[in-house]
Amino acid sequence: MTVMDTAPAGAPAETGRRVRGAGRGRYTIGEVAAYTGLSAHTLRWYERIGLMPHVDRSHTGQRRYTDRDLDWLDLVGKLRLTGMPVADMVRYAELVREGEETVAERERLLSAHREDVRRRMAELRSTLDVLDHKIDRYAEARRANEERYAAPGFTRPDS
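Residues numbered from 1 in each chain as written. Predicted model: local features only at pLDDT ≥ 70, side-chain atom pairs only at ≥ 80, totals over all residues. Heavy atoms only, no water.

With that out of the way, let us pick up the packing of aromatic side chains. Taken as a whole and assessed by the stated rule, the structure comprises 2 aromatic pairs. Look at Trp45 and Tyr46: their rings are 5.8 Å apart centre to centre, the planes differ by 45°, and that puts the pair in the tilted class. (Phe/Tyr/Trp six-rings, centres within 6.5 Å; stacked < 30°, edge-to-face > 60°.)

Put into structure tokens, the structure is as follows:
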């Protein structure tokens, strides 16, 4: 799986995936590890805990990931970035595998997580405001010191 300048025909627009061999659709665990930044060990662990759907195997037993698997891993990566606990991601994966009758429960799970993400974002914004205030105060103090030292006849204490 090699990065190219343009996305292959049929690649989902939201993933931005760019791979050689458009339509090839079968990737080794090493290729998927390189694409996702996850280790092969992590990919196997995802499969073992039920976070990854069943991964097809070649006649020699090698895992063969599909474009659909890569799309799923893109989603899992985004859920990880939001701080979703692994147990909740596994539960979500189970619900997806159970089919359409679980749509309402999937919606509830993701909605609850979205509220948690929004709460944490508000906390981060508040924390960022404090940092911005402190940085502004230090910048003002630095400028005041620079102006004082630049005044005619004033010498720095360290000179």
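For the rest of this paragraph, the subject is a negative patch on the surface. Judged by side-chain charge, Asp129, Asp132, Asp136 and Glu140 come together as a negatively charged surface patch. Judged by relative accessible area, Asp136 falls into the partly exposed class, the value being 46%. (Patch = residues over 30% accessible without salt bridge, like charges linked within 9 Å, V, L, I, M, F, W, Y side chains within 5 Å. Areas by Shrake-Rupley, 256 points an atom, 1.4 Å probe, with all protein chains shown as cover. Salt bridge = Lys/Arg side-chain N within 4 Å of Asp/Glu carboxyl O. Lys, Arg positive; Asp, Glu negative; His and termini not counted. Charge placed at Lys NZ, Arg CZ, Asp CG, Glu CD. Buried < 20%, exposed > 50% of the residue type's maximum accessible area, 1.4 Å probe, protein only.)

The topology assignment puts Asp69 in helix H3 (residues 67-81). The charged side chain of Asp69 is buried without a salt bridge, its nearest counter-charge being Arg26 at 5.9 Å. A polar contact of 2.9 Å, which involves the side chain of Asp69, links it to the backbone nitrogen of Thr66. Other than its neighbours up to four places away in sequence, Asp69 contacts Met52, Pro53, Val55 and Arg64. (Helix = DSSP H or I, 4+ residues; strand = E, 2+ residues; numbered from the N terminus. Polar contact = N/O pair within 3.5 Å; in protein donor to acceptor, adjacent residues only side chain to side chain. Contact = heavy atoms within 4.5 Å.)

With that out of the way, let us pick up the nonpolar core. The nonpolar side chains of a soluble globular protein tend to be buried with one another. Val32, Leu43, Tyr46, Leu51, Met52, Tyr65 and Leu73 are the most contacted members of the largest nonpolar core, which has 23 residues in total. When residues of this core are traced back to their parent elements, those giving at least two are helix H1 (29-36), helix H2 (40-49), H3 and helix H4 (86-98). Every residue in contact with Leu73, bar those within four places of it in the chain, is listed here: Val32, Thr36, Leu38, Leu43, Tyr46 and Met52. (Core = buried A, V, L, I, M, F, W, Y, C linked by side-chain atoms within 4.5 Å.)

Listed as buried for H1 are Ile29, Glu31, Val32 and Ala33. Next to the buried residues of H1 lie H2, strand E2 (63-64) and H3.

There is a patch of nonpolar side chains on the surface, built from Leu128, Leu131 and Ile135 and spanning about 290 Å² of accessible area. Note on placement: Leu128 falls in helix H5 (residues 103-150). Under the relative-accessibility criterion, Leu128 is labelled partly exposed at 45%.

Our focus in this paragraph is the packing of H4 against H5. Interaxial distance between H4 and H5 falls to 9 Å at its minimum, and their mutual angle equals 160°. On the basis of their axis angle, the class for H4 and H5 is roughly antiparallel. The handedness of the crossing between H4 and H5 comes out as left-handed. Contacts from Asp88, Arg91, Tyr92, Leu95 and Val96 in H4 reach Glu105, Arg106, Leu109 and Leu110 in H5. Counted by class, the contact of H4 with H5 contains 5 nonpolar, no polar and 4 charged residues. (Axes fitted to C-alpha atoms, helices over the stretch in contact; angles between N-to-C directions. Parallel < 35°, antiparallel > 145°, perpendicular 65-115°, else oblique. Left-handed = near helix turned anticlockwise from the far one by under 90°. Nonpolar A, V, L, I, M, F, W, Y, C, P; charged D, E, K, R; others polar.)

By themselves, these observations are geometric and do not establish any function.
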